[in-house]
Amino acid sequence: MKLFTVGPTEMFEETLMTSSKQLPYFRTEEFSEIVLETSKMLKKLLYTNETSEIVYITGSGTAAMESLVSNSFDSNDKLLIINGGTFGKRFVDITTIYNIPFATIDLEYGEVLEKRHFDNIDLHSFTALLVNIDETSTGQLYDINLLSKICKDNNLDLIVDAISSFLADELYMDKHNISSVILSSQKALALSPGLSILAISKDFYERKIKNKKPINLYLNINEHIKNLTRGQTPNTPAVGIILELHNRLKNIKKAEDEIERVKKNALYFRNKIKNYNLNIPDFPLSNALTPIILPNNNAKEVFEYLKNNYGIFVNPTGGPLSDKTIRIAHIGNLEERDYDMLLEKISEVL
Ligand SMILES: *Cc1c(COP(=O)(O)O)cnc(C)c1O
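Attention in this report is confined to the structure presented alongside it. (Residues numbered from 1 in each chain as written. Predicted model: local features only at pLDDT ≥ 70, side-chain atom pairs only at ≥ 80, totals over all residues. Heavy atoms only, no water.)

Turning our attention to the side chain of E135. Tracing the chain through its elements places E135 in strand β6 (residues 134–135). Of the buried charged residues, E135 lacks a salt bridge, with R327 as the closest side chain of opposite charge at 7.0 Å. (Helix = DSSP H or I, 4+ residues; strand = E, 2+ residues; numbered from the N terminus. Buried < 20%, exposed > 50% of the residue type's maximum accessible area, 1.4 Å probe, protein only. Lys, Arg positive; Asp, Glu negative; His and termini not counted. Salt bridge = Lys/Arg side-chain N within 4 Å of Asp/Glu carboxyl O.)

Close to the ligand lie 13 residues, the nearest being S60, T62, T136, D161 and K187. For the ligand, an oxygen atom lies 2.9 Å from a polar atom in the backbone of G61. One of the side-chain N or O atoms of R90 is found 3.5 Å from an oxygen atom in the ligand. Here the ligand, which alone exposes 380 Å², has 89% of that area covered by the protein. Mapped by element, the contributors of at least two residues to the shell around the ligand are α3 (61–72) and α4 (86–97). Considering each element in turn, the shell around the ligand owes the most residues, 3 residues, to α3. For the shell around the ligand, the residue count by class is 3 nonpolar, 6 polar and 4 charged. (Near = heavy atom within 4 Å. Polar contact = N/O pair within 3.5 Å; in protein donor to acceptor, adjacent residues only side chain to side chain. Areas by Shrake-Rupley, 256 points an atom, 1.4 Å probe, with all protein chains shown as cover. Nonpolar A, V, L, I, M, F, W, Y, C, P; charged D, E, K, R; others polar.)

This part takes up the pattern of salt bridges. Following the criterion strictly, the structure yields 21 salt bridges and no others. A salt bridge links D203 to R207; the shortest N-O distance between them is 2.9 Å. One end of the pair is D203 and the other is R207, both in helix α6 (residues 202–209) and 4 residues apart, which spans about a single turn. A relative accessible area of 45% places R207 in the partly exposed class.

Everything listed here is a matter of coordinates, which is why it stays silent on function.
Pasting the structure below:
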């Protein structure tokens, strides 16, 4: 089996070895130590300072998105949401459920997010901007420098869902003035699904979260932060995935190294498909994945053929492009020869 999907992604040998072992009991000093060390490594890879908070939520990425939005914002806020695909829509849905006022910038498929989209918006009336920096459903990578500047100039908190982009594209939490970054285990981190992570700046935490009355229990950030000062979580965490995460981060010395590795895969693949009857969209792409446009509208056939004949998984695409495009991941344990193999098999069914 080989996964060219964005999540779960092809896991590294060491991760698989870690996940095959008996899990330890977790209310111990030893486990606390692992959690605290993991938080330290995450802060370094996110380029944020020691005072930022790291929160572990047992649940997929959506749980962390919901936790952050519901614990930080209320009817006194107004959120601006970049709605450019499935995951932008998820922010819209969460914000709607919690009755938080919001407006959206809606993007058509392929429409590049630019400064002009903000020109007719009264930015001062908003309190925060929510963005999925790689909108994984399309592969568009939004311009973090543009968004960071807009937020800074207009005094908005910048909330970045970097679930598929972390360790695939450059992201500097402090330099980009990001109030919170949302991560999840099964995408670029290439771990088992089921653990999501919030990195929260000290200022944002104290201003927007710390003094709020709780409106939920399992997703309550204050409860988590109280426990995490001693390296513990309020509930039983995904012990195994935390051990996978600790192991994986220990093997990444610098974020740049991992970004470079993923980028090299992406460029290799994008260059190589020029030899085939395949196209890629012309909007800015995350290094995490490449959407490819098939000439014969047979995306479902390609997906089934690869799965049934070779145990190869590629990502189907939802919505109006479901017949036309499949998405190929560059995150996870993949290398150049995997793409040679993939393209050979795809060409059989083209
Ligand atoms: C995968 C993903 C999520 C979360 O999806 P889950 O299935 O809940 O893990 C959120 N945002 C983005 C950008 C994603 O790629």
